[in-house]
Amino acid sequence: MSAVVEQPPAPARDEGYVHPSLLRAEFHRFRSRRFIQVLLAAALVGWLAAVVIGLFQFGEPDEGDLAAARAEIAQMVEQQEVWRQQCLDDAPPGEEESFCGPEITAAEFRTEDFVGTAPFDLEQSASGGAMGFGAAAAALAFLIGATWIGAEWSSRSVVALLFWVPRRMQVMGAKVTVLAVAAAALGVAAQLGWLAMAWILRIAVGTDDPLPSGFWGDLLATQGRCVLLVVFAALAGFGLANLIRNTGAALGVGFVYFAIVENAVRVMRPEWQPALLTNNAAALVAPGGLRIVDYENFTVDADGNQVFEEFVIGNLQAGIVLGVVAAVVIGLGVLLFQRRDVH
Amino acid sequence: MPAVHMTSVSKTYRRRGRPPQKALDSLDLVVDSGGVHGFLGPNGSGKTTSIRVLLGLVRPDPGGEIRLLDAPVPAGLPDVIGAVGALVETPLFFPGFSGRLNLQLLAEAAGVSRARVEECLETVDLRDRAEDRFKGYSLGMKQRLGIAAALLKAPRLLILDEPSNGLDPAGIRDVRELIRRLGADGRTTVLLSSHLLAEIQQVCDSVSILARGRCVASGPVSEVLARGASGDLRVRVPDAAAAAAVLSAAGFAVAPPEHPDGRTLLVHGVPAPGEVTRILAAHGHYLEELTPVTADLESAFLAITGDPA
């Protein structure tokens with residue numbers, strides 16, 4: 001400090017102190033976080049790898065592939081016929097057809113389903129791909145949300161910020177807003193990534209069959225719900241890390257919940273499955289929601305058939321459940337931050 | 001208008017399984033505007049808690065009143081925080097960011113220009129290392145960056161908690177010089193919390209001493225020193241033993257010659273040193289030295305806080 005020991009001249013209030021721009025600073029902080037940059041770079045590498053794998057996995061089958069597929073179908077039909085004959089021999093007289101079912105023919109099978117190298121079919125893959133990209137982005141968003149605030153608590157730089165912005169709700173509000181916007185951008189980027197990948201695969205190794213009407217509307221709706229899932233995941237990660245004030249501990253809690261608690265519930269309390277977060281996440285993004293069958297509980301109908309209990313979680317219901325969970329976790333952390341002493 | 005005004009402020013920490021701990025006990029504190037005010041107290045006396053309460057980080061018990069630059073705390077804190085710079089204990093920065101980026105983010109949050117960031121980096125002599133990551137800084141560099149952050153707002157009130165921590169001697173000298181200049185500029189009030197009594201004595205115009213969560217002494221440094229002053233005189237004469245006998249006969253409390261040369265005496269509780277001179281001269285003992293034993297802040301501090309250490 002030998003160079004200059006004079007305090008710098010005070011900036012004129014009108015020049016130096018423009019309107020506070022906490023949000024801009026928080027966006028800058030978010031963009032500058034190296035770990036977040038590394039995670040996003042890793043996601044980009046993952047996307048490139050997925051495209052390359054897709055290019056090798058799909059393709060136009062040659063005559064050899066088609067011949068092998070037809071042979072496999074023929075072998076299967078033959079095998080089925082043998083079993084059917086045994087069934088017919090054992091069946092009560094007069095009830096053979098109802099007991100053993102109709103004869104199976106090769107016409108019932110699609111050759112494309114039996115070739116090792118099939119062309120990429122956008123119509124068949126669009127929804128599943130969007131959900132897959134959404135799930136991957138949600139996991140990434142959870143991690144980003146947790147580290148976004150967890151690292152702030154670890155370095156206590158969130159406390160330093162209070163020397164500048166003493167309204168704690170404002171500080172947390174800015175951080176949550178930045179995260180939500182960034183998560184939405186990540187979700188959109190992931191869906192654009194899927195569309196780009198699908199476009200490349202369709203051009204290079206796909207079918208050019210026309211798409212059915214309503215295809216793009218349905219896909220867009222699924223993708224929109226996927227973006228919502230990414231935002232919920234980011235907020236849940238943030239809320240958990242803010243409550244515990246530690247990224248590692250928050251991820252540990254997440255692991256225990258997803259790996260242990262949910263599996264334990266599925267085994268011991270299957271009727272609670274509609275409340276599980278992963279089921280609600282799946283129900284949010286899947287077209288039409290999620291149908292869960294509880295094979296432990298069933299009734300017997302008039303024909304003597306077992307009717308298993310089913311739970312249906314709709315898109316809206318799942319969205320509400322996940323939204324409430326994210327809001328509660330964040331709200332609790334923010335409330336404690338607002339009320340507690342900060343050291 | 002005082003820069004800081006705390007009236008009957010208490011703070012009790014309650015932790016599960018432990019008895020309540022009273023960190024501040026009806027603390028009254030006034031820091032007048034301008035100059036450098038020292039904040040002194042033994043460990044656990046409540047200095048840092050007071051600063052945290054002032055900055056709204058810690059919620060005080062109900063009942064007291066706090067005003068910072070005439071704004072009530074915490075309700076009015078957002079109105080004046082732009083004029084308050086603070087360094088509390090260790091600087092709190094993001095370790096993965098460079099020193100410059102850490103300051104820029106704070107500046108952006110408050111709408112302070114980037115040029116000001118560079119000025120403050122220059123002030124603390126960190127411009128050459130500004131692009132290094134904070135986690136690579138030495139303790140002294142971290143402290144200097146903390147001071148730069150506190151200066152960013154060109155504050156009217158600068159609160160520094162142990163700013164010399166980790167600095168080398170040249171750095172300590174420069175920080176003290178900076179604090180003195182800030183205190184003398186007519187617009188800045190510096191509240192300096194330090195455990196270095198010499199630092200307070202050298203730098204501060206006034207001082208408050210805390211003990212057990214209360215302010216036990218406050219005022220100009222010279223006045224507080226006077227409270228610990230003993231009125232003792234160090235007297236040097238050719239024959240100390242004879243001079244001691246004369247002074248004892250005249251009613252003075254005299255300690256035995258303290259110096260191995262046998263020529264130095266310590267006379268206690270002398271209201272008028274001239275009287276000692278007169279009596280000794282009248283008995284043929286001519287002074288070689290007559291020195292009032294001045295109290296230092298350490299003595300005053302220990303006397304006031306009752307700390308036997």
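I will try to describe carefully the structure that is included in this document. Quick caveat, the model's predicted, so the values are computed rather than measured. (Residues numbered from 1 in each chain as written. Chains lettered and ligands numbered in written order. Predicted model: local features only at pLDDT ≥ 70, side-chain atom pairs only at ≥ 80, totals over all residues. Heavy atoms only, no water.)

Some remarks on a nonpolar patch on the surface
Residues and elements named next belong to chain A. Residues Phe-255, Val-256, Ile-260 and Val-261 make up a contiguous nonpolar surface patch of about 360 Å² in total accessible area. By secondary structure assignment, the location of Val-261 is in helix α10 (residues 247-268). On the basis of relative accessibility, which here comes to 36%, the residue Val-261 falls in the partly exposed class. (Patch = residues over 30% accessible without salt bridge, like charges linked within 9 Å, V, L, I, M, F, W, Y side chains within 5 Å. Areas by Shrake-Rupley, 256 points an atom, 1.4 Å probe, with all protein chains shown as cover. Salt bridge = Lys/Arg side-chain N within 4 Å of Asp/Glu carboxyl O. Helix = DSSP H or I, 4+ residues; strand = E, 2+ residues; numbered from the N terminus. Buried < 20%, exposed > 50% of the residue type's maximum accessible area, 1.4 Å probe, protein only.)

Comments concerning empty space enclosed by the protein
Scanning the entire structure with this criterion turns up three cavities of 30 Å³ or more. The computed volume of the largest cavity comes to approximately 130 Å³. Ala-160 and Phe-163 of chain A together with Ala-86, Gly-146 and Ala-149 of chain B are, among the 17 residues lining the largest cavity, the residues nearest its centre. Those elements giving two or more residues to the lining of the largest cavity turn out to be β6 (84-87) and α5 (139-151) of chain B. The space that makes up the second largest cavity amounts to roughly 50 Å³. Taken together, the residues of the lining of the second largest cavity break down into seven nonpolar, two polar and one charged. (1 Å grid on protein atoms, 1.4 Å probe; cavity = no way out; pocket = protein on both sides within 12 Å on 5 of 7 lines; lining within 4 Å. Points joined across faces, edges and corners; volume = space filled by probe spheres on them. Nonpolar A, V, L, I, M, F, W, Y, C, P; charged D, E, K, R; others polar.)

A word on the interface of chain B and chain A
At the interface, 58 residues of chain B touch 45 residues of chain A. Across the chain B to chain A interface the summed buried area is about 4,600 Å²; carbon plus sulfur atoms make up 59%. Our count for the chain B to chain A interface comes out at one salt bridge. Across the salt bridge formed by Asp-341 of chain A and Lys-11 of chain B, the nearest N and O atoms sit 2.7 Å from each other. (Contact = heavy atoms within 4.5 Å. Buried area = accessible area lost by both parts, 1.4 Å probe.)

Structural notes on the sheet that holds strand β1 (residues 4-13) of chain B
Residue and element names in this part refer to chain B. Taken in spatial order, the four strands line up as β2-β1-β4-β5 in an open sheet, and their pairing is antiparallel. Looking at strand neighbours, the two that pair on one side only are β2 (21-31) and β5 (71-72), the edges of this open sheet. In this structure, β1 lies alongside β2, joined through seven bridges in antiparallel fashion. In the sheet register, Thr-12 faces β2, and the bridge partner there is Lys-22. Strands β1, β2 and β4 (65-68) of the sheet are contacted by helix α1 (residues 47-54), whose axis makes an angle of about 110° with β1. (Pairing = 2+ DSSP bridges. Axes fitted to C-alpha atoms, helices over the stretch in contact; angles between N-to-C directions.)

A few points about the pairing of β4 of chain B
All names here are of chain B. Burial along β4 is one-sided: the face carrying Ile-66 and Leu-68 is buried and the face carrying Glu-65 and Arg-67 is not. Inspection of the sheet shows β1 paired to β4 by four bridges, in the antiparallel sense. Paired with His-5 across the bridge in β4 is Arg-67. Two elements, β4 and β5, share two bridges in a ladder whose sense is antiparallel. Residue Arg-67 lies in a different strand from β5, and its bridge partner there is Pro-72. Counting the residues that bridge the hairpin from β4 to β5 gives two residues, and of these Leu-69 lies at a positive phi of roughly 50°.

Limitation: the analysis is restricted to geometry and does not speak to function.
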